[in-house]
Every structure is written in structure tokens, then in C-alpha cells.
Amino acid sequence: MPLLPGAEPFRRDGGEVGVLVCHGFTGSPQSVRPWAEYLADQGLTVALPLLPGHGTRWQELQITTWQDWYAEVDRELRALTERCSKVFVCGLSMGGALALRLAAKHGDAISGVAVVNPGNKVHDAAAPLLPVLRYLVRTTKGITSDIAKPGAQEVGYDRVPLHAAYALRRFFQQVDSELPGVTQPLLVMTSPQDHVVRPVDSERILARVSSTDVRQTLLERSYHVATLDHDAEQIFRETFAFISRLAPEAGTGTPAEAAEAAAHEGTAASGGA
């Protein structure tokens, strides 16, 4: 099945510190590729896989499950841990939930977690009906391109298959039950104006994880796909500063770049679990 333009996975070998970046539900690597490329440009080893059922047509997503999506990022993580001395996981939306589950499952193999507008619950009023509704209605309207920045577009599906929406709901429930197993340092970046994932999901995650090193940043100028929005550069800098603080050997950025990134992380609003 041909890939949508920009939906290709991204990988680049760098230093001994690795980063796994996970894209969101019905989206593609395109939505987080600038994030991944920025981290790779700092000298990190970066992997950004294409999740099964994504990046082609919504009919392919219809026949996948959350176990398929998770298995893909789990394989990528294991490959990074063989290659790198320290590994961090990052994700947008459902990709954030995938990152959090990896952290809960892999423990000390992961050095830190950075997530943008992570999903925790399907809030739609029809969500409890999905077990039956998915057999009666094939799709609903898409959720891509919730972006404030004029002209910015997300590559993804314009329809959401309800079988996949049901799988997403089950996945969020699974991850929510596992959040107390997340103990790693955690950076949560949240858009107060998000029309896809409610900001309360970030608060729920912060309240349930067991991490003691926790920071939260508000992305005041961006909507859901903040990695393509006005606050994208802030996300990139703060993620690299977060990684550099925990893995000083990370990257090849100049001292000035490192100092700037550290300053941005230092001014982030802090939150606690």
C-alpha cells in the first residue's frame, strides 16, 4: 500500500544517547518529524517508526489493534537499547500514551519520558457505545490538523474508523491502569487550547505517575498538533534540555545552544504527581 507523502518513518544514527519518537492516532511520522529531526541534529540517535495501519488509508487502520501499535514501538525501543547506552521516549497524543506504557513496562531501560498533549481517555459522549456502534457505523470525521499556525497541515486520515477508535479507548484504559508504574523523569507539554485531547488528560497523567522528577510546560499558542504549531521550537529546545540534563553526554550542540536549551527548561512551569 503506497504511503501518504511525508508518512515515511525516520531513523538516524548518532551518539550513545537514543530517542524513540511516537506519532499519534490516525496521524503519521510527518506530525513529529521536525521534533525527531531536531533531536537528531543535536547528535542523538533517533528512531521514529510508522505505526501499523497508519500513513496509507483509513481502511488499513480499521483492521489493526492497539497491541499492533504498541508492538511496533516496543520493537524500536529494544533496537535502540541494543545500540545506545541511554534511551528516552517521546510522543504526541496517543504517541504519548505509547511512550508512557513503554516507560511503565521497561523501567530502568528508559532514562526519561517527554510527551506532548498525551491522550488518556476518549471523552466523546458516544465512547461507551463503541463496543456496539463500531459494528453499525464504519467511520466518523477525522481529527487531524488541529493546528493554530496558518498554513500548517498534518498528514493523516480524514476519517476515524470506529473499530480503531474502540481499540484506542481500550488502550487508554490499559495505560491509565499502568501509570503508577511510570517512575522515570517526566516532561509533559500541554496545550490549554486543544480540540482533540482535553488538557485534563495531562493532569490525570501527572496525578497518577510515580515519577518524582516531573515538569509541565504550557503551550499557550498551539492547538493539539503542537509539534507543527507556533510552540514547536519551544518543544524541541525543552526536550533536548531535558535529555541533556539527564544524560550530559547527549548530543553535539554548541555550548550556546546547550545554555539556551537549559534556560528554557529552567523557566518551564513545574508540576507534580
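So, how was this worked out
- Residues numbered from 1 in each chain as written.
- Predicted model: local features only at pLDDT ≥ 70, side-chain atom pairs only at ≥ 80, totals over all residues.
- Heavy atoms only, no water.
- Pairing = 2+ DSSP bridges.
- Helix = DSSP H or I, 4+ residues; strand = E, 2+ residues; numbered from the N terminus.
- Axes fitted to C-alpha atoms, helices over the stretch in contact; angles between N-to-C directions.
- Phe/Tyr/Trp six-rings, centres within 6.5 Å; stacked < 30°, edge-to-face > 60°.
- Buried < 20%, exposed > 50% of the residue type's maximum accessible area, 1.4 Å probe, protein only.
- Polar contact = N/O pair within 3.5 Å; in protein donor to acceptor, adjacent residues only side chain to side chain.
- Expected span 1.5 Å × (residues − 1).

## So, the sheet that holds strand β3 (residues 45–48)
One key point about sheets: their strands pair by backbone hydrogen bonds, in either a parallel or an antiparallel sense. Ordered by their spatial adjacency, seven strands build an open sheet running β1-β3-β2-β4-β5-β8-β9, and the pairing between neighbours is mixed. The strands lining the two open edges of the sheet, one partner per strand, are β1 (10–12) and β9 (214–218). Averaged over all neighbouring strand pairs, the angle between strand axes comes to 15°, with direction disregarded. In the sheet, β1 pairs with β3 via three bridges, with the strands oriented antiparallel.

## Notes on the packing of aromatic side chains
Two numbers describe a pair of aromatic rings. These are the distance of the centres and the angle of the planes. For the coordinates displayed, the defined rule picks out five aromatic pairs. Residues W66 and F171 carry aromatic rings whose centres are separated by 5.3 Å and whose planes lie at 35° to one another, so their mutual orientation is tilted. Of this pair, W66 sits in helix α3 (residues 66–83) while F171 sits in helix α6 (residues 162–178), placing them 105 residues apart in sequence. On the numbers, 6.4 Å between centres and 35° between planes, the contact of F171 with F172 is tilted.

## A look at the pairing of β3
Residue alternation in β3 divides its side chains into two sets, T45 and A47 and V46 and L48, and both sets are buried. As paired elements, strand β2 (residues 17–22) and β3 share three bridges and run parallel to each other. By the bridge assignment, G18 is partnered in β3 with T45.

## Some remarks on the side chain of H23
Its location among the elements puts H23 in the loop between β2 and α1 (33–41). Engagement of the side chain of H23 in a polar contact is seen with the backbone nitrogen of L51, the distance being 3.1 Å.

## As for helix α8 (residues 232–246)
Over its 15 residues, α8 extends 22 Å from the first C-alpha to the last, a length consistent with the 21 Å expected when each residue adds 1.5 Å. Burial within α8 is extensive, with eleven of its 15 residues counted as buried. Listed in full, the buried residues belonging to α8 are A232, Q234, I235, F236, R237, E238, T239, F240, A241, F242 and I243.

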